[in-house]
Each structure stands twice: as structure tokens, then as C-alpha cells.
Amino acid sequence: MRTIVIGAGLVGLATAWRLRAAGAEVTVVDPAPASGATHAAAGMLAPVAETYYREEALGRLGLASATRYPAFVDEVAAALGRDRGEVGYRDTRTLVVGADAADRGSLGDLFDLTIGLGLSMERLTTRQARRLEPLLSPTLSCAFLVEGDHQVDPRVLAQALLQALRGAGVEFVERRAAAVTASTGAVSGVQLDDGTHLNADRVVLTAGVGARDVADTGVDLRGALRPIYGDVLRLDAPASLRGQVTGTIRALVAGKPAYLVPRADGSLVLGATSREDGNPRVSAGGVHELLRDAIRLLPALAEFALVETVARARPGTPDNAPLLGPLPVPGLVAATGTYRNGILLAPAVADAVAHLLRLDVESPLPDLSPFDPTRFTRPRERQTKESA
Ligand SMILES: Cc1cc2nc3c(=O)[nH]c(=O)nc-3n(C[C@H](O)[C@H](O)[C@H](O)COP(=O)(O)OP(=O)(O)OC[C@H]3O[C@@H](n4cnc5c(N)ncnc54)[C@H](O)[C@@H]3O)c2cc1C
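Residues numbered from 1 in each chain as written. Predicted model: local features only at pLDDT ≥ 70, side-chain atom pairs only at ≥ 80, totals over all residues. Heavy atoms only, no water.

Of all 5 residues in strand β7 (residues 142–146), 5 are buried, a share of seventy percent or more. Burial along β7 is two-sided: C142, F144 and V146 and A143 and L145, pointing in opposite directions, are all buried. In this structure, strand β5 (residues 94–98) lies alongside β7, joined through 5 bridges in antiparallel fashion. Bridge assignment links T94 to a residue of β7, and that residue is V146. Summarising the sheet, strand β6 (residues 122–124) and β7 pair through 3 bridges and their orientation is antiparallel. Bridge pairing in β7 links R123 to F144. (Buried < 20%, exposed > 50% of the residue type's maximum accessible area, 1.4 Å probe, protein only. Helix = DSSP H or I, 4+ residues; strand = E, 2+ residues; numbered from the N terminus. Pairing = 2+ DSSP bridges.)

Averaged over all residues, the pLDDT of the protein chain equals 95, while 96% of them reach at least 70. Taken as a whole, residues 381–388 scores under 50 in pLDDT and shows 2 contacts with residues more than four places along the chain or in a different chain. (pLDDT = per-residue confidence, 0-100. Contact = heavy atoms within 4.5 Å.)

Sheet architecture is open: 3 strands sit in the order β3-β8-β4, paired in antiparallel fashion. Of all strands in the sheet, those with a lone pairing partner are β3 (44–45) and β4 (89–90), marking the two edges.

This part is about the domain arrangement of the protein chain. For interface size, the figure often reported is the accessible area lost on association. Looking at the assigned domains, one finds that the protein chain contains domain 1 (2–40 + 155–225 + 319–371) and domain 2 (94–147 + 227–315). Contact with domain 1, which involves 15 residues of that partner, is made by 11 residues of domain 2. Where domain 1 abuts domain 2, roughly 1100 Å² becomes buried across the two surfaces, and 61% of that area is made up of carbon and sulfur atoms. Put simply, E308 and R155 hold a salt bridge, and the shortest N to O gap is 2.8 Å. Of the residues forming the side of domain 1 that touches domain 2, the biggest block, 3 residues, is contributed by helix α2 (residues 37–40). Looking at the side of domain 1 that touches domain 2 residue by residue, the classes come out as 5 nonpolar, 7 polar and 3 charged. (Domains from an automatic or database assignment. Buried area = accessible area lost by both parts, 1.4 Å probe. Salt bridge = Lys/Arg side-chain N within 4 Å of Asp/Glu carboxyl O. Nonpolar A, V, L, I, M, F, W, Y, C, P; charged D, E, K, R; others polar.)

Moving on: the site of the ligand. Surrounding the ligand, one finds 40 residues, the nearest of these being D30, T38, M44, Y339 and L344. The separation between an oxygen atom of the ligand and a polar main-chain atom of Y339 is 2.8 Å. Summarising the interface, the protein chains cover 94% of the accessible area of the ligand, which totals 1000 Å² for the free molecule. Elements represented by at least two residues in the shell around the ligand include exactly α1 (10–21), α2, β14 (226–236), β18 (305–316) and α8 (342–356). Of the residues assigned to the shell around the ligand, the class counts are 22 nonpolar, 13 polar and 5 charged. Residues lining the shell around the ligand come from more than one domain, with at least three contributed by each of domain 1 (2–40 + 155–225 + 319–371) and domain 2 (94–147 + 227–315). (Near = heavy atom within 4 Å. Polar contact = N/O pair within 3.5 Å; in protein donor to acceptor, adjacent residues only side chain to side chain. Areas by Shrake-Rupley, 256 points an atom, 1.4 Å probe, with all protein chains shown as cover.)

What follows is about the sheet that holds β7. Read from one edge of the open sheet, 8 strands run β6-β7-β5-β15-β16-β17-β14-β18, paired in mixed fashion. The open sheet has two free edges, formed respectively by β6 and β18, since each of these has just one partner strand. Direction aside, the axes of adjacent strands within the sheet are offset by 20° on average. By the bridge criterion, 4 bridges tie strand β16 (residues 256–262) to strand β17 (residues 268–271) in an arrangement that is antiparallel. Among the inter-strand pairings, V261 is bridged to a residue of β17, identified as V269. (Axes fitted to C-alpha atoms, helices over the stretch in contact; angles between N-to-C directions.)

Here the focus is helix α6 (residues 154–167). Each full turn of the α-helix corresponds to 3.6 residues, which orients residues three or four apart in the same direction. Taking 1.5 Å as the rise per residue, α6 with 14 residues should run 20 Å; its terminal C-alpha atoms sit 20 Å apart, in good agreement. Among the residues making up α6, those that are buried are P154, L157, A158, A160, L161, L162, A164 and L165. Summarising the contacts, the buried residues of α6 are in contact with α1, α2, α3 (56–79), β8 (150–152), β9 (171–173) and α8. For α6, the side-chain oxygen to backbone nitrogen distance between the N-cap and R155 is 3.1 Å, and the N-cap itself is D153. Immediately beyond the C-terminal end of α6, within one or two residues, lies G169, with a positive phi of roughly 90°. (Expected span 1.5 Å × (residues − 1).)

Next up, the structure:
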């Protein structure tokens, strides 16, 4: 039984890892592994701070995945003789802060929703918040603490997974998948962009927003997936301020979200815009807004060096929930559409795929039916019959 995983972002890599651990023979197809959304992501593992109205099923999947994270990173680290910190995982806390009175109102509503769902979030005074993060501005309007929302460095984890997968005998083919092929009513493999055919009994579509362009998946994913671009900046502290931001800071600044995530090397990730303008390049207006809002929150940021700007597309869906489940071609499973949470969701999605392909699953997963990948599109066969 050979399984092909199309796409080596964090979702595809975690999936390949889980399938290989369950004994499958795995080939990963990607022209540029770990170069998509995974390359830009801040890596917040924030199922509690990311609680939103009408996203309960997604919230449950996020919590299930956050619970799986320590064991998942430990497995990858152990395969490389490292510890979980060395593959990018950090159990730092998350502070949520607001800049003005309207932000206090919005975050207060989300706090009530979060507490109503039985999740753990604590209201702080702004003085308490500044004791935890002394660089925060004294003019904040509100603050909340989520001790359980941690972070991972997606670039470090993706590189660790690539190395561990190669070590475990997983083959990488650096080509674009053009189409899924079928014979006698089930998946037979993948057609590459150079015309080569790879045989497989099972195919998993983890190509992020690129999944829209893979042909013959049984549904038209263009209506279900769209690119939602995000700009992210990396800042480096001067020696006098190094290590002074100790946890993730998520904020609303005049209604706009922003966050800062401190990396183990002392740098800060500042994100992120959310654009549907079709521009894959870094937006000058986005950089301006992020720096303006972040400096309002932490005035000392003006002294940091701006060392990187990057933009990538999140794989967005109409209801913000993933496309996770079987596609109409037997043996083909979709695992994409993870939008703003794909780093968080990767371990749970990987387990879900193993479960869908009837391999192992270590602990029970939440109900996957809300993530049916055909929920926005009708199978092509049915569309053709109806229009005939
Ligand atoms: C600015 C920004 C900040 C974010 N912050 C967070 C965060 O803090 N926490 C969080 O949980 N999530 C975050 N996300 C979301 C997260 O990055 C994505 O949901 C996640 O990376 C999706 O992973 P993926 O593996 O599905 O896709 P990607 O990482 O986009 O990988 C897809 C891969 O598929 C390959 N591919 C595409 N087409 C084909 C094809 N035809 N054949 C073969 N391979 C193909 C690409 O080369 C790529 O390597 C953020 C995203 C952005 C853009």
C-alpha cells in the first residue's frame, strides 16, 4: 500500500509523519517543501485566544490538536535525538490586550464567550499585564491572560520533520502534482507536471491553497478554497532589550488585530495583515499598519531592527473551518483549508487522516462531519448528470 501526500507544508509533513509511523509506505510530492503559508506563520498554538462566535467545531478541533502537540513534537524530536525545544516548541503564555475603549468592549465580549465555553482565560489589570511584559505601553485599555496557549516555530518544526521523514525512509519528489488519477473507480496515483505518473493506493491532498489547482479530485475546490494573504515582519532587539518580551502578545488596536511572538533566539514575529487583494507580495500599507499598531502597544519596538518582511496565502474557506475528509474518488482524502490555524491543527489533522485511511489513531478525535470537504461543492459527477 503506497500513499502519496501532495504538499509538504506543516499539514502535509505532520500527515506524512503519522502515516509513516502507522506503517504506510509514503511519498511526498512538493516542488518547494515548507515554502507556503508554513514559511510565514507565527506559530501561535492558541485555541483559547482564537475563540470566535459560530466556530465551535473548529474550536474543538483546535483544543484537541493543542493537547496532542507536546507528544507530537516529542516524537519528532526523539527521532532526531533532540528535545522539544530544539524542534521549535515553547510553552510560553499568551497575553491578550486592547488599545482603546472599543477594543476593551470587543475583547470583553470574547472573554465572556471563552469563559462561557468553559475555557481558561483570566482577566488582568493593565498593571498586572505590564508586570508580566514591562515593554507594554501604560495606555492599554484591558488585558487577559491565557496560560495554556503556547507556540511553535513553524520553520524549525518543518525542517525537523523533513529530516525525520527522510530518516524514516519517506521519499520526496520535488515536482508539482498536476492531477489525481483513478482506475476501476478508485485512486491509482498522481500525475506530475512533467508527465510522470506515480502509482499509489491512497492520496492525501495537503497542498494548502494550491489544492485548488490539482485536477480530477472529484470536486471543484476553487469555490471552497481562496488565498487570504498575510504580511508578517521579523524584528531583532538591540542588546539592551533582548529577551524582554517573554510571551505571545495578541492585541486589538483600534479594531485591528496584531500579535507579537517572541522566538527562542530573541527575535520577534509581528503579524499579521489579512488581505484578499490577490497580491502575493508584501504590502507596503500592511507593513505600515503593523509597525504603527505594534509601536503603539510597545513603544520600545521603534528601537528594534526590521530584519524580514514576508507574505504568504492562508488557505481560507467560506466558514473558516478546514476541508478534512474523503473526496468522491475512493482512496483520496483532503486535508487543507486550515486558514489561520494550520500550524495548531496539524497534529489533529494528521491523526484524522490516519483515521480516515483506516490506519491508527491514538486518542478519540472530535466529530469530523463539519469539515466534510465537499460541503461547498457538489461532486463533479452529480453536477454533470444534473446539467445534462
Ligand atoms: C501570515 C500568516 C500567519 C499565520 N499564523 C499562524 C499561527 O500563528 N498559527 C497557526 O496555527 N496558523 C497560522 N497561519 C496559518 C498556517 O500557516 C496555515 O494554515 C498552514 O501553514 C497551512 O499549512 P499547509 O501545509 O496546509 O499549507 P502550506 O504551508 O501553504 O503548504 C502547502 C504546500 O503545498 C505545496 N503545493 C502547492 N501546490 C502543490 C501541487 N500542485 N503539488 C505539490 N505540492 C504543492 C506548496 O509548495 C507548499 O509547500 C498563518 C498563516 C499566515 C499566512
